[in-house]
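# Report on the structure
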Amino acid sequence: MIVLGILTAVAGCSSPTPPQIANTAITAPKSSKQSSKQVPKERVSNRPANTKGSVYVAEYHHIRAGKGDMFRSVSDFKADLEHYYKLGFRPVLASEYLANKMSLPPGASPIVMTFDDSTPSQIQLKSDGTVDPNCAVGIWQEFAKTHPDFPVHGTFFVLPDVMWGPRKFDPRKVKLLFDLGSELGNHTITHPKLSHLTDDKVQSELGTAAERLEAFGQKGPHSMALPFGISPKHPAILKGFDWKGSHVTFTGVFLVGANPAPPPTSPKFNRNRIPRIIAISGPYGIDYWLKQLEQGRVKPYVQP
Ligand SMILES: [Zn+2]
């Protein structure tokens, strides 16, 4: 559920507008040593370097057909990947963006791909253990086969008791994400509106989730996405707190919607309130912001 009023009138999904910006397309490495980490040296776009430009943080929930802000259809998700690629975006993790350590080829713009709530359509395995080609990870893996410089590097803000259920949690999913170069982030345990909780309860939600992420193998400190984008009554908690003998901190705190984020070096960058762009076709969704970029109204971060 989205709390921002501007996101009420959501149009039906439509295919993204074809990109208008010319760029020198990357071809897949021809050598036999194809590696997902291989970064071509050719300039990705003809945009001039701009390390003061905006960073796009895309926000996905369900990757399947459905009504409302929480759904992106399989065909729209496929089109998104194509669109990002053609516009010169290359994926970086939330942790890389927050640390200002984005490994990008020259001319590329970063896109932080985030997935909230660990919904089933994000990652599923078939009975033989292989990835379901219709889940987000399966679709992205297939795309990365022909676009090796757009590897499956995403940030998954999971709910530790859900973990892509409804079936029993399968640790192979977490291992697969790590093997692919993705990461997990904190999204609390029960997805409450933090403003409704006492400070103790807020700390318990965030601290327990941090503990669970560590148990999954995701070393802290973690990034965090606020459920519903709602801060606790006392937002100072987000700067860190003592909990069960350890100190819990976050590398950054992400909101829900609704515009591109400043680069980490910007004076406008607020580590505890980082905006994201919801993957919808409606107002202030990803289609809108990509069009703004194509029309020159948004200047993206561009790697020198
Ligand atoms: Zn959520």
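Along each chain, numbering runs from 1 in the same order as the chain's sequence is written. In view of the model being predicted, local features appear only for residues whose pLDDT reaches at least 70, and side-chain atom pairs are presented and counted only at 80 or more, with totals across whole chains, interfaces and linings using the full set of residues.

This part takes up the overall build of the protein. The helix count covers DSSP runs of H or I at least four residues long, the strand count covers runs of E at least two residues long, and both are numbered beginning at the N terminus. Helix and strand content of the protein: six helices and 10 strands. Backbone-placed C-beta atoms define the burial measure: a residue is buried with 20 or more other C-beta atoms within 10 Å of its own, exposed with 12 or fewer, and partly exposed in between. Evaluated residue by residue, the protein yields a buried proportion of 43% over its 304 residues. Residues are scored as being in contact if the C-beta atoms we place from backbone atoms lie within 7 Å. Across the protein, every contact between residues at least 6 apart in sequence was considered, and the portion connecting residues at least 24 apart equals 71%.

A helix is expected to span 1.5 Å for every residue after the first. Given a rise of 1.5 Å per residue, 13 residues ought to cover 18 Å, and the 19 Å separating the end C-alpha atoms of helix α1 (residues 74-86) matches this to within 8%. Here the buried face of α1 lies against β2 (89-92), β3 (109-116), α3 (136-146) and α6 (286-294). Remark: G88 follows α1 within two positions and exhibits a positive phi of approximately 90°.

Here the focus is the packing of α1 against α3. For any two helices packed against each other, one specifies the inter-axial angle together with the distance between the axes. To get an axis, fit a line to the C-alpha atoms, keeping to the stretch in contact for a helix; angles then go from 0 to 180 degrees between the N-to-C directions. Contact geometry for α1 and α3: axes closest at 10 Å, N-to-C directions at 35°. In this structure, α1 crosses over α3, and the sense of that crossing is right-handed. Contact residues: V74, F77, K78 and L81 in α1; A136, I139, W140 and F143 in α3. Its residues assigned to classes, the contact of α1 with α3 shows seven nonpolar, no polar and one charged. For any pair of crossing helices, the crossing counts as left-handed if the nearer helix is rotated counterclockwise from the farther one by less than a right angle, and right-handed if it is rotated clockwise. Under this grouping Gly is polar, as are all residues other than the nonpolar Ala, Val, Leu, Ile, Met, Phe, Trp, Tyr, Cys and Pro and the charged Asp, Glu, Lys and Arg.

Before going further, it helps to examine unusual backbone geometry. A cis amide bond links G220 with the next residue in sequence, P221, at an omega value of -5°. Take P221: it is sitting in the loop between α5 (199-216) and β6 (222-225). For the bond from G257 to A258, the omega torsion is -5°, close enough to zero to count as cis. Take A258: it is sitting in strand β9 (residues 250-258). In this structure, T188 is a non-glycine residue whose phi angle is positive, near 70°. Relative to the helices and strands, T188 resides in the loop between β5 (183-186) and α5.

Here we take up α3. Residues A136, V137, G138, I139, W140 and F143 constitute the buried set of α3. In this fold, the buried residues of α3 make contact with β1 (56-60), α1 and β3.

This part covers the confidence of the model for the protein. pLDDT expresses, on a scale from 0 to 100, how confident the predictor is about each individual residue. Summarising the model, the protein shows a mean pLDDT of 89, and 86% of its residues fall at 70 or more. Confidence drops under a pLDDT of 50 for residues 1-35, and excluding neighbours within four residues, the segment shows 68 contacts in the predicted structure.

Bringing the pairing of β9 into the picture now. Across the nine residues that make up β9, a large majority, eight, are buried. Here the rule is simple: two strands pair whenever DSSP picks up at least two bridges between them. In this sheet, β9 lies alongside β6 in parallel orientation, the contact comprising four bridges. Following the sheet pairing, H222 is matched in β9 by F250.

Turning to its location among the elements, Q122 is positioned in the loop between β3 and α3. Taking the C-alpha atoms as reference points, Q122 and R64, separated by 58 residues in sequence, lie 9.2 Å from one another.

This part is about the nonpolar core. In a soluble, globular protein the nonpolar side chains are often hidden away together inside. Core analysis: the biggest nonpolar cluster contains 73 residues, and Y56, V57, A58, V112, A136, I277 and I286 have the highest contact counts within it. Of the residues forming this core, the biggest block, six residues, is contributed by β9. Sequence-distant contacts of Y56, that is, excluding residues within four places in its chain, are made with F89, I111, P260, I277, W289 and P300. Note on definitions: a nonpolar core is a set of buried residues drawn from Ala, Val, Leu, Ile, Met, Phe, Trp, Tyr and Cys, linked by C-beta atoms within 7 Å.

What follows concerns the environment of K233. Position of K233 relative to the elements: it lies in the loop between β6 and β7 (241-243). Residue classification places K233 among the exposed positions, given that 12 C-beta atoms sit within 10 Å.

Right, let's talk about the pairing of β5 for a bit. Side chains E183 and G185 of β5 all project onto a buried face; the interleaved residues L184 and N186 project onto the opposite face, where all are buried too. Across four bridges, the pairing between strand β4 (residues 155-158) and β5 is parallel. Paired with V158 across the bridge in β5 is N186.

For the rest of this paragraph, the subject is the environment of S118. Position of S118 relative to the elements: it lies in the loop between β3 and α3. C-beta crowding within 10 Å serves as the criterion here: with 22 such atoms nearby, S118 is assigned to the buried category. Linking S118 and G165, residues 47 residues apart in sequence, is a C-alpha distance of 7.9 Å. If sequence neighbours within four positions are ignored, S118 has contacts with F156, V158, L159, V162, M163 and W164.

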